[in-house]
Amino acid sequence: MSKTKILYVEDEPFLGRIVKESLEVRDFDVRMVTDGKLVMSVFEEARPDICVLDIMLPNKDGYSIAQSIRQVSPSIPIIFVTAKTQTEDLIKGFEVGGNDYLRKPFSMEELIVRVNNLLQLTQKIAAGPKESVAIGKFEFAPQRYELRKDGVARKLSHREAMLLQILAENQNTNIDRKTMLLRIWGDDSFFNSRTLDVYITKLRDYLKEDPSIEIITIKGVGYHFAVG
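Reading the values: rules and limits
- Residues numbered from 1 in each chain as written.
- Predicted model: local features only at pLDDT ≥ 70, side-chain atom pairs only at ≥ 80, totals over all residues.
- Heavy atoms only, no water.
- Helix = DSSP H or I, 4+ residues; strand = E, 2+ residues; numbered from the N terminus.
- Buried < 20%, exposed > 50% of the residue type's maximum accessible area, 1.4 Å probe, protein only.
- Contact = heavy atoms within 4.5 Å.
- Salt bridge = Lys/Arg side-chain N within 4 Å of Asp/Glu carboxyl O.
- Polar contact = N/O pair within 3.5 Å; in protein donor to acceptor, adjacent residues only side chain to side chain.
- Pairing = 2+ DSSP bridges.
- Axes fitted to C-alpha atoms, helices over the stretch in contact; angles between N-to-C directions.

Visitor: How should I be thinking about the side chain of Arg-114 in this particular structure?
Guide: Following the sequence through the fold, Arg-114 ends up in helix H5 (residues 108–126). A residue is classified by how much of its surface remains accessible, and Arg-114, at 8% relative accessible area, is buried. Look past the residues within four positions of Arg-114 in its chain and what remains in contact with it is Ile-79, Asp-100, Tyr-101, Leu-102, Trp-185, Phe-191 and Asn-192.

Visitor: Would you mind showing me how to read the pattern of salt bridges here?
Guide: Any two side chains of opposite charge can pair, on the condition that their charged atoms come close. One pass over the structure, following the stated rule, counts 20 salt bridges. Linking Arg-148 and Glu-146 is a salt bridge whose minimum nitrogen-to-oxygen distance equals 3.2 Å. In this structure, a network of salt bridges that share partners links the residues Glu-10, Glu-12, Asp-54 and Lys-104.

Visitor: When you look at the environment of Asn-99 in this model, what are you seeing that I'm missing?
Guide: Relative to the elements of secondary structure, Asn-99 occurs in the loop between helix H4 (87–95) and strand S5 (100–103). What makes Asn-99 buried here is its relative accessible area of 0%. Placed 122 residues apart in sequence, Asn-99 and Val-221 show a C-alpha to C-alpha distance of 25 Å.

Visitor: Sorry, what's going on with helix H3 (residues 62–72) here?
Guide: Because the α-helix completes a turn every 3.6 residues, residues three or four places apart line up on one side. Restricting attention to buried positions, one finds in H3 the residues Gly-62, Tyr-63, Ile-65, Ala-66, Ser-68, Ile-69 and Arg-70. Structurally, H3 contributes buried residues whose contacts are with strand S1 (5–9), helix H2 (39–46), strand S3 (50–54), strand S4 (78–82), H4 and S5. A distance of 3.1 Å separates the backbone nitrogen of Tyr-63 from a side-chain oxygen at the start of H3, and that oxygen is part of Asp-61.

Visitor: When you look at the sheet that holds strand S12 (residues 222–227) in this model, what are you seeing that I'm missing?
Guide: In a beta sheet, neighbouring strands are held together by backbone hydrogen bonds and run either parallel or antiparallel to one another. Here three strands make up an open sheet; going across it, the order is S10-S12-S11 and the pairing antiparallel. Of all strands in the sheet, those with a lone pairing partner are strand S10 (174–176) and strand S11 (213–218), marking the two edges. The average angle at which neighbouring strand axes cross in this sheet is 25°, direction not considered. Pairing between S10 and S12: three bridges, direction antiparallel. Looking at the pairing, Asp-176 lines up with Gly-222 of S12. Sheet strands touched by helix H7 (residues 177–184): S10 and S12. Its angle to S10, the strand with the most contacts, is close to 60°.

From the geometry alone we can't say anything about function, so treat these as descriptive.
Okay, structure coming up:
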């Protein structure tokens, strides 16, 4: 069985060496890059299964790198590793194509759990139902990460597709917030809960073209996905 290939971008040599060696001991194939301007050439050569990107890098930051990667590979999982935890930083990361955030300092166990979880989500979506799902005036294709309306398709990230798939499966019913967190992230930590809020806001924005669709927050419970 081939090893999972990780593209790891980190400009702190000491931290980068520790993380790289720790991942390799756990049987991952790791290519590490320390300079932002070199990332895309290594990406093209290595063809990784997942990318782990620091945001603050010399010459080209993680946000710009993620945008470049998305142009080449729309579906590859991307994890941002950063000390930035403000909501606007989370939103920007998701807007440029990130799938998850990991805060510094972090444990190797947490990084590996997030890598494996994101890869599993990728496999589940790829192996999901082949038919499209009708959501009001939209057509949602989980396996293609697409939300389509009037012939125009919007590409979704892994997490967005996973969340919309849960909502689509529960149209006009209440959905428990903890259940959503456990299904998508594997835990219901405060940080993941904040991240869920960001994704909900993004999906509301995507779906606002159909006024018959509403994601209603139910305090103390979760959400109600109303589709007229």
